[in-house]
Amino acid sequence: DVKVTQSSRYLVKRTGEKVFLECVQDMDHENMFWYRQDPGLGLRLIYFSYDVKMKEKGDIPEGYSVSREKKERFSLILESASTNQTSMYLCASRRQGQDTQYFGPGTRLTVL
Amino acid sequence: AQRVTQPEKLLSVFKGAPVELKCNYSYSGSPELFWYVQYSRQRLQLLLRHISRESIKGFTADLNKGETSFHLKKPFAQEEDSAMYYCALSGLSGANNLFFGTGTRLTVIP
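Caption draft 1: Spatial organisation of the overall build of chain A. Scanning chain A from N- to C-terminus turns up zero helices and 11 strands. N-terminal to C-terminal, the α/β element order of chain A is β-β-β-β-β-β-β-β-β-β-β. Whereas a compact globule of 112 residues would reach a radius of gyration of roughly 13 Å, chain A reaches 13 Å, a difference of no more than 12%. Overall, the C-alpha framework of chain A stretches about 40 × 25 × 25 Å when taken along its three principal axes.

Caption draft 2: Quick look at the state of the cysteines. In the structure shown here, the tally under the stated rule is two disulfides over all chains. Here Cys23(A) pairs with Cys91(A) through a disulfide, and the sulfurs are 1.9 Å apart. In this structure the cystine formed by Cys23(A) and Cys91(A) twists about its S-S bond by roughly -75°; its chirality is therefore left-handed. Residue Cys23(A) is found in strand β3 (residues 19-25), and its partner Cys91(A) is found in strand β9 (residues 87-94); the two are separated by 68 residues along the sequence. Residue Cys91(A) is classed as buried on the basis of its relative accessible area of 0%. Each sulfur of the disulfide joining Cys23(B) and Cys87(B) lies 2.0 Å from the other. Sign of the S-S torsion, about -65° for the bond between Cys23(B) and Cys87(B), identifies this disulfide as left-handed. Of this pair, Cys23(B) sits in the loop between β3 (19-21) and β4 (24-26) while Cys87(B) sits in strand β9 (residues 83-90), placing them 64 residues apart in sequence.

Caption draft 3: Here's a closer look at the packing of aromatic side chains. In this structure the tally under the stated criterion is 11 aromatic pairs over all chains. With 5.7 Å between their ring centres and 40° between their planes, Tyr35(A) and Phe103(A) make a pair best called tilted. Of this pair, Tyr35(A) sits in strand β4 (residues 31-38) while Phe103(A) sits in strand β10 (residues 102-103), placing them 68 residues apart in sequence. The exposure class of Tyr35(A) is buried, given its relative accessible area of 0%. Among the aromatic residues, those joined into a ring-pair cluster are Phe33(A), Tyr35(A), Phe48(A), Tyr50(A), Phe103(A), Tyr36(B), Tyr86(B) and Phe100(B).

Caption draft 4: Spotlight on the environment of Phe100(B). Here Phe100(B) lies in strand β10 (residues 98-100). Sequence-wise, Phe100(B) and Glu20(B) are 80 residues apart; in three dimensions their C-alpha atoms are separated by 18 Å. Ignoring anything within four residues of it in the chain, the contact list for Phe100(B) reads Tyr35(A), Leu43(A), Phe103(A), Val4(B), Tyr36(B), Leu44(B), Tyr86(B), Cys87(B) and Ala88(B).

Caption draft 5: Molecular detail of the sheet that holds strand β1 (residues 4-6) of chain A. All names here are of chain A. The strand order across the open sheet formed by four strands is β1-β3-β8-β7, and the pairing between neighbours is antiparallel. The sheet is open, and its two edges are formed by β1 and β7 (65-70), each paired on a single side. Strand-to-strand twist in this sheet, taken as the mean axis angle between neighbours without regard to direction, amounts to 20°. As judged from the three bridges shared by β1 and β3, these two strands associate in the antiparallel manner. Bridge pairing in β3 places Gln 6 opposite Cys 23.

Caption draft 6: Molecular detail of the side chain of Arg49(B). Residue placement: Arg49(B) occurs in strand β6 (residues 45-49). Using a relative accessible area of 18% as the deciding quantity, one classes Arg49(B) as buried. Polar side-chain contacts of Arg49(B) include one of 3.0 Å to the side chain of Asp99(A). A polar side-chain atom of Arg49(B) sits 2.4 Å from a polar atom in the side chain of Thr100(A). Not counting the four nearest positions on each side in its chain, Arg49(B) is found in contact with Asp99(A), Thr100(A), Leu33(B), Phe34(B), Glu54(B) and Phe70(B).

Caption draft 7: Layout of the pattern of salt bridges. All names here are of chain A. All told, the structure shown has 11 salt bridges over all chains when counted by the stated rule. Between Lys 71 and Asp 28 there is a salt bridge, with its nearest N and O atoms 3.3 Å apart. Taken together, the positions of Lys 71 in the loop between β7 and β8 (73-78) and Asp 28 in the loop between β3 and β4 put the pair 43 residues apart, joining distant regions of the chain. What makes Asp 28 partly exposed here is its relative accessible area of 48%. Residues joined in a network through salt bridges with shared partners are Asp 28, Glu 30 and Lys 71.

The rules behind the values
Residues numbered from 1 in each chain as written. Chains lettered and ligands numbered in written order. Predicted model: local features only at pLDDT ≥ 70, side-chain atom pairs only at ≥ 80, totals over all residues. Heavy atoms only, no water. Helix = DSSP H or I, 4+ residues; strand = E, 2+ residues; numbered from the N terminus. Rg over C-alpha atoms; globule rule 2.2 N^0.38 Å. Disulfide = S-S within 2.5 Å. Buried < 20%, exposed > 50% of the residue type's maximum accessible area, 1.4 Å probe, protein only. Phe/Tyr/Trp six-rings, centres within 6.5 Å; stacked < 30°, edge-to-face > 60°. Contact = heavy atoms within 4.5 Å. Pairing = 2+ DSSP bridges. Axes fitted to C-alpha atoms, helices over the stretch in contact; angles between N-to-C directions. Polar contact = N/O pair within 3.5 Å; in protein donor to acceptor, adjacent residues only side chain to side chain. Salt bridge = Lys/Arg side-chain N within 4 Å of Asp/Glu carboxyl O.

Listed below in structure tokens is the structure:
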């Protein structure tokens, strides 16, 4: 059974803080993804990674960066958090060549 | 450019009534279409994919290339079907990433 875990379910940060969201998967999947989920906007892709140390911008990368130093871990970084980054953040992973993405439980980030 | 449209943000039906969640897409190539579902307090998960032509939990979805639609249907709604439903599209080339619609929240009234 695929397991994708995210470091926090809820996170409250202040404007200007550096924020790290961590995601770990245990199925040796090559591909990993970060989305944000907002009411009325659905899921929007922030960044994705094909494999270790590889990263590609998604649809809304501004204000975010990512790190993939190990295959199982994909980190989303907010260099200087802003209130418009208050959202639910979902991580997902997928085996290369397959179509199903497996999602983590999400991190609800509030930036005050 | 790829685009997925779910015209209904909210949909309420009575238990036992038929339900149809609409999804339209635009894509220049041959897409793969999916429905993902998120039940209350659970993670987002795949419900079904068009390529499998399967019925999951009584739901079916047929890809209509002429109308560029992939509507999700169930003949008799159950209370446990209440959830958020997302239609998603994946291209068959390139990055093969998923593009999601804005979602429809289905409420089945007992």
